[in-house]
Amino acid sequence: MGHKVAITGMGIISSIGNNVEENFISLHSGKHGISDIQLFETRHAGKIKTGEIKKTNKDLIQQLHLSEDNSFTRTTLLGMVAAKEAVENANISDINSCRTGLISSTSVGGMDITEKYFYNYEDFPEKQKYIDSHDAGNSSLAIADFLGLKGMVSTISTACSSAANAIMMGAKLIKNGVLDRVIVGGTDSLSKFTLNGFNTLMILTDSYNTPFDQNRKGLNLGEAAAFLVLESDEVVKKENKKVLAYLSGYGNANDAHHQTASSENGQGAYLAMQQALKISGIQKDEIDYINVHGTATPNNDLSEGIAMIRIFGEGNVPEFSSTKAFTGHTLAAAAGIEAVYSILAIQRNVIFPNLNFKTQMEEFDLTPVTELKEKNINHVLSNSFGFGGNCSTLIFSKS
């Protein structure tokens, strides 16, 4: 078995674009999607900024040509948009022409709707159809059904590393001969539960997030969905498929330190990056760009920075940036949208800027790339770290 798994399609919807090309244009022009809340109902509107997608659920239903009499939540609808684009981008006409599966991920699930009626479903019988959507796996099954997929369907929910683990699982299924093609990624919408939860943890900023800045105050939550199509070498050769990039390495580890905080020495991040590099067979000095997790929280950026120095050495950390200043932190979808951004960096030979950075952190000599930079990009390392210490790293390589 070879090390690499081919990526033949990708799709995305986020606060900076409704498809892959729109996202690239925003990244290239430095246009972020952090704004005041307009569509989402919350008492925090006007006080907290988010990466909100400016499409209503009705807009999404119409875009997808769905019946208005459905039980789809926003998480599911966003996932359908991104998965549909990924499948079309991969030029798949018959999704069941080979052994195909879907590994989706989510943290929010259907909470954006179920939380509204949790205490009074008995008073709203017409809303009881949404009860099943609270389960994380419901959105995955709905997306698979929307795509006409009859193969394996699974769901991963490991907080903010969820989509990375979905991508990793899909790659393993292909490499071990279980499936020939896997649609992998994640989707999450804004919800009161997550917004109030992160606010209670006191890790939301009252302004725009500033990854890796000395004066960072916290994150902006966002909503998004992104999916990749992974295919085996056999399918690529048989169908003469265009390869966008390869997934050449991946790693997952847990620092078992704290439920919501990373360890001081970045052990989980260190082990995940170490494993991904080992599986890829790529030397660490061959990494051209790191799309860091970079949440702009005091704990994450310090821990991740220390882990990168441990891996690459003082003064040898590759050029890096966080794209969360563009989109906000999209929870389970984060690793999915950042996988798309990593592939775009490879395809377009650019490093996207770390917006809002002003002052280097005092703990180490690390400065992110702050302006769009043209550079030949062959290998991108992308980090995603979740609550509970679940740390994952993906490495994407030029085809």
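Worth saying up front: this structure is predicted, and the values here are computed from it rather than measured.

1. So, the overall build of the chain
Okay, so step 1: Of the regular secondary structure elements, the chain holds 12 helices and 14 strands.
Okay, so step 2: Here the C-alpha atoms of the chain give a radius of gyration of 20 Å, agreeing with the 21 Å that 2.2 N^0.38 yields for 399 residues.
Okay, so step 3: Looking at the chain residue by residue over its 399 residues, the buried ones come to 61%.
Okay, so step 4: Within the chain, contacts between residues separated by at least 24 positions form 77% of all contacts whose residues are at least 6 apart in sequence.
Okay, so step 5: Accessible surface, the chain as shown: approximately 15700 Å² in total, 47% of it carbon and sulfur.
Okay, so step 6: With 34 positive and 43 negative side-chain charges, the chain shows a spacing of 3 Å between the two charge centroids.

2. What to know about the packing of helix α1 (residues 20-29) against helix α12 (residues 334-348)
Okay, so step 1: Where α1 contacts α12, the two axes come as close as 11 Å, and the packing angle between them is 75°. Judged by the inter-axis angle, α1 sits roughly perpendicular to α12. Contacts between α1 and α12 involve Val20, Glu21, Asn23, Phe24 and Leu27 from the first element and Val340, Tyr341, Leu344 and Arg348 from the second.
Okay, so step 2: Taken together, the residues that form the contact of α1 with α12 break down as 6 nonpolar, 1 polar and 2 charged.

3. Brief notes about the sheet that holds strand β6 (residues 181-188)
Okay, so step 1: Strand order across the open sheet formed by 10 strands is β5-β4-β6-β7-β1-β8-β14-β13-β9-β10, with mixed pairing between neighbours. The sheet terminates laterally at β5 (153-156) and β10 (320-321), the two strands that pair on one side only.
Okay, so step 2: Sheet topology places strand β13 (residues 379-385) next to strand β14 (residues 390-397); 7 bridges connect them, and they run antiparallel. Looking at β14, one finds that Asn383 is bridged to Thr393.
Okay, so step 3: Helix α5 (residues 136-147) contacts β4 (100-105), β5, β6 and β7 (224-231) of the sheet and is inclined by roughly 145° relative to β5.
Okay, so step 4: Relative to strand β1 (residues 5-13), α12 is tilted by about 115°, and along the sheet it contacts β1, β7, β8 (245-254), β9 (289-291), β13 and β14.

4. A few points about helix α7 (residues 192-200)
Okay, so step 1: For α7, the full list of buried residues reads Thr194, Leu195 and Phe198. Within α7, the buried residues cover an arc of 100° as seen down the axis, which keeps them to one side. Those residues of α7 that are exposed and aimed more than 90 degrees away from the buried face are Phe193 and Thr200.
Okay, so step 2: In the core, the buried residues of α7 are packed alongside β3 (49-50).
Okay, so step 3: Positive backbone phi, at 60°, marks Met202, one or two positions downstream of α7.

5. As for the domain arrangement of the chain
Okay, so step 1: According to the domain assignment, the chain consists of domain 1 (5-239) and domain 2 (250-397).
Okay, so step 2: Each of domain 1 and domain 2 has a C-alpha centre, and the two are 21 Å apart.
Okay, so step 3: Each partner contributes to the interface: domain 1 provides 64 residues, whereas domain 2 provides 66 residues.
Okay, so step 4: When domain 1 packs against domain 2, close to 4800 Å² is buried across both sides, 70% of that on carbon and sulfur atoms.

6. Let's talk about the pairing of β8
Residues in a regular strand point their side chains to alternate faces of the sheet.
Okay, so step 1: For β8, a buried count of 8 out of 10 residues is recorded, marking the element as mostly surrounded by other parts of the structure.
Okay, so step 2: With 3 bridges connecting them, β1 and β8 associate as antiparallel partners. Across the sheet, Ile7 pairs through a bridge with Ala245, a residue of β8.
Okay, so step 3: Inspection of the sheet shows β8 paired to β14 by 8 bridges, in the antiparallel sense. Counted as the bridge partner of Leu247 is Phe396 from β14.

7. Let's talk about helix α6 (residues 162-175)
Okay, so step 1: Over its 14 residues, α6 extends 20 Å from the first C-alpha to the last, a length consistent with the 20 Å expected when each residue adds 1.5 Å.
Okay, so step 2: Burial of α6 is extensive: 12 of the 14 residues sit out of reach of the surface.
Okay, so step 3: What α6 keeps buried is the set Ser162, Ala163, Ala164, Asn165, Ala166, Ile167, Met168, Gly170, Ala171, Leu173, Ile174 and Lys175.
Okay, so step 4: Just downstream of α6 lies Gly177, where phi reads positive at about 75°.

8. Examining the packing of aromatic side chains
Okay, so step 1: Applying the stated criterion across every chain yields a total of 3 aromatic pairs.
Okay, so step 2: In this arrangement the basic side chain of Arg310 is found over the ring face of Tyr270, its NZ or CZ atom lying 4.0 Å from the centre.
Okay, so step 3: In this structure, Arg348 is placed above the aromatic ring of Phe24, and the distance from its NZ or CZ to the ring centre is 4.0 Å.

9. As for the pattern of salt bridges
It is possible for side chains bearing opposite charge to pair when their charged atoms get close.
Okay, so step 1: The final tally for this structure, using the stated rule, is 15 salt bridges.
Okay, so step 2: A salt bridge links Glu239 to Arg181, with the nearest nitrogen and oxygen atoms 3.9 Å apart. Of this pair, Glu239 sits in helix α8 (residues 233-239) while Arg181 is found in strand β6, placing the two residues 58 residues apart along the sequence.
Okay, so step 3: Looking at Glu239, the relative accessible area reads 35%, which means it is partly exposed.
Okay, so step 4: For Arg181, a relative accessible area of 1% gives the class buried.
Okay, so step 5: Ionic pairing is found between Lys217 and Asp206, a salt bridge with its closest N-O pair at 2.9 Å. Residue Lys217 is found in the loop between α7 and β7, and its partner Asp206 is found in the loop between α7 and β7; the two are separated by 11 residues along the sequence.

What counts, and at which threshold
- Residues numbered from 1 in each chain as written.
- Predicted model: local features only at pLDDT ≥ 70, side-chain atom pairs only at ≥ 80, totals over all residues.
- Heavy atoms only, no water.
- Helix = DSSP H or I, 4+ residues; strand = E, 2+ residues; numbered from the N terminus.
- Rg over C-alpha atoms; globule rule 2.2 N^0.38 Å.
- Buried < 20%, exposed > 50% of the residue type's maximum accessible area, 1.4 Å probe, protein only.
- Contact = heavy atoms within 4.5 Å.
- Areas by Shrake-Rupley, 256 points an atom, 1.4 Å probe, with all protein chains shown as cover.
- Lys, Arg positive; Asp, Glu negative; His and termini not counted.
- Charge placed at Lys NZ, Arg CZ, Asp CG, Glu CD.
- Axes fitted to C-alpha atoms, helices over the stretch in contact; angles between N-to-C directions.
- Parallel < 35°, antiparallel > 145°, perpendicular 65-115°, else oblique.
- Nonpolar A, V, L, I, M, F, W, Y, C, P; charged D, E, K, R; others polar.
- Pairing = 2+ DSSP bridges.
- Arc of directions from axis to C-beta.
- Domains from an automatic or database assignment.
- Buried area = accessible area lost by both parts, 1.4 Å probe.
- Expected span 1.5 Å × (residues − 1).
- Phe/Tyr/Trp six-rings, centres within 6.5 Å; stacked < 30°, edge-to-face > 60°.
- Lys NZ or Arg CZ within 6 Å of the ring centre and 35° of its normal.
- Salt bridge = Lys/Arg side-chain N within 4 Å of Asp/Glu carboxyl O.

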